[in-house]
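# Architecture at a glance
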Amino acid sequence: MKHIFKQGTNKNAPVLVLLHGTGGTENDLLPLADRISPESSVLSIRGNVLENGMPRYFRRLAEGVFDEEDLIFRTKELSDFLDQAAEKYGFDRYNLVAIGYSNGANIAGSLLFHYQGSLKGAILHHPMVPRRGIKLQDLSGVRIFIAAGDNDPICVPQETEDLISLLKDAGANVSVHWEKFGHRLTASEVEAAAVWYDTHFKVLS
Ligand code: MLT
């Protein structure tokens, strides 16, 4: 998959996996990685699917209606890519924290749902429930931060509450931060994510 890898200065810090929103690229979330954990290595990945020229991580049939078959296929593709990247760049495959926005948060959620141990933690900006009606992997020990908008028209509050319940029922430690700016990724939710990250993941060199 098209990507950027930046070697960090602290080998023990989690590697940040950046996953952009619909129409984004691997450059979009680099400033967030700098804010959250500047000493971390960063793997920022571009989605392989194009919707009217806009990169995404999986196909959708309509706004908020996912192509489940493609979601499953693309989640495996991303999981396999993370395996390959860990080998190529020599980082610990089991020390990954994802930062995803919108469609990128949804594929990160799908990784958590389908692949045990795929992520140690995740910062999900405006995620939806990637798939319903399946048994999730055991998420014990996985720490997840969710930023949501209580007036988000794409991801309504009930969707966020459903996602929190599913993740908690699978054993994850979930924190949620609510804002009032619709589906926007705001500077203040990034600040809240940074505080959460320092509490859960900050490691000394
Ligand atoms: C999705 O398709 O993943 C969600 O609707 C969010 C979006 O990317 O617009």
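The following paragraphs examine the structure supplied in this document. (Residues numbered from 1 in each chain as written. Predicted model: local features only at pLDDT ≥ 70, side-chain atom pairs only at ≥ 80, totals over all residues. Heavy atoms only, no water.)

### What to know about helix 5 (residues 187–201)
In this model, helix 5 (15 residues) spans 20 Å end to end at C-alpha, consistent with the 21 Å of a helix rising 1.5 Å per residue. Along its buried surface, helix 5 packs onto strand 2 (15–19), helix 1 (30–36), strand 8 (96–101), strand 9 (121–125), strand 10 (143–149) and strand 11 (173–179). (Helix = DSSP H or I, 4+ residues; strand = E, 2+ residues; numbered from the N terminus. Expected span 1.5 Å × (residues − 1). Contact = heavy atoms within 4.5 Å.)

### Digging into unusual backbone geometry
At S102, a residue that is not glycine, the phi angle is positive and equals roughly 55°. Mapped onto the fold, S102 is located in the loop between strand 8 and helix 3 (103–114).

### Regarding the environment of A194
In this structure, A194 sits in helix 5. Ignoring anything within four residues of it in the chain, the contact list for A194 reads R35 and I36.

### A word on the sheet that holds strand 10
Strand order in this open sheet of 7 strands is 1-3-2-8-9-10-11, and the pairing throughout is mixed. Because the sheet does not close on itself, it has two edges, and the strands there are strand 1 (3–6) and strand 11. Across the sheet, the mean angle separating the axes of adjacent strands is 10° when strand polarity is ignored. Inspection of the sheet shows strand 10 paired to strand 11 by 7 bridges, in the parallel sense. Opposite G149, over in strand 11, you have E179 as the bridge partner. (Pairing = 2+ DSSP bridges. Axes fitted to C-alpha atoms, helices over the stretch in contact; angles between N-to-C directions.)

### Focus on the environment of S175
As for its position among the elements, S175 is in strand 11. Spatially, the C-alpha atom of S175 lies 11 Å from that of H200, the residues being 25 residues apart in sequence. There is a polar contact of 3.3 Å between the side chain of S175 and the side chain of W196. (Polar contact = N/O pair within 3.5 Å; in protein donor to acceptor, adjacent residues only side chain to side chain.)

### Description of the packing of aromatic side chains
One pass over the full model with this rule turns up 6 aromatic pairs. Consider the rings of F5 and F91, whose centres lie 5.8 Å apart with planes at 15°: the pair is stacked. Highlighted residues: F5 in strand 1 and F91 in the loop between helix 2 (68–89) and strand 8, separated in sequence by 86 residues. Relative accessible area serves as the criterion here: at 11%, F91 is assigned to the buried category. Ring geometry for W196 and F201: centres 5.6 Å apart, planes at 65°, overall edge-to-face. In this structure, W196 and F201 share a single accessibility class: buried. (Phe/Tyr/Trp six-rings, centres within 6.5 Å; stacked < 30°, edge-to-face > 60°. Buried < 20%, exposed > 50% of the residue type's maximum accessible area, 1.4 Å probe, protein only.)

### Looking at the site of the ligand
As a structural note, the neighbourhood of the ligand is formed by T22, R56, F58, R60, E63, G64, F66, S102, N103, N106, M128 and I154. R56 is positioned with one of its side-chain polar atoms (N or O) 2.8 Å from an oxygen atom of the ligand. In isolation the ligand exposes 260 Å². Once the protein is present, 96% of that is buried. Tallied by class, residues from the shell around the ligand come to 4 nonpolar, 5 polar and 3 charged. (Near = heavy atom within 4 Å. Areas by Shrake-Rupley, 256 points an atom, 1.4 Å probe, with all protein chains shown as cover. Nonpolar A, V, L, I, M, F, W, Y, C, P; charged D, E, K, R; others polar.)

### Some thoughts on the nonpolar core
Core analysis: the biggest nonpolar cluster contains 42 residues, and L19, I146 and L167 have the highest contact counts within it. Elements with a minimum of two residues in this core: strand 2, strand 3 (42–45), helix 2, strand 8, helix 3, strand 9, strand 10 and helix 4 (157–169). Contact partners of L19, with chain neighbours within four places excluded, come to L29, I45, Y57, L78, A98, I99, G100, Y101, G104, I107 and A108. In this structure, L16, F145, A193 and F201 belong to the second largest nonpolar core, which totals 20 residues. (Core = buried A, V, L, I, M, F, W, Y, C linked by side-chain atoms within 4.5 Å.)

### Notes on the pairing of strand 10
A large share of strand 10 lies buried, amounting to 6 of its 7 residues. Where strand 9 lies against strand 10, 5 bridges are found, and the strand directions are parallel. Residue pairing for strand 10: G121 is matched across the bridge by R143. Remark: the strand 10/helix 4/strand 11 crossover connection has right-handed handedness. (Right-handed = clockwise from strand over helix to strand, strands pointing away.)

In short, geometric facts, not functional conclusions.
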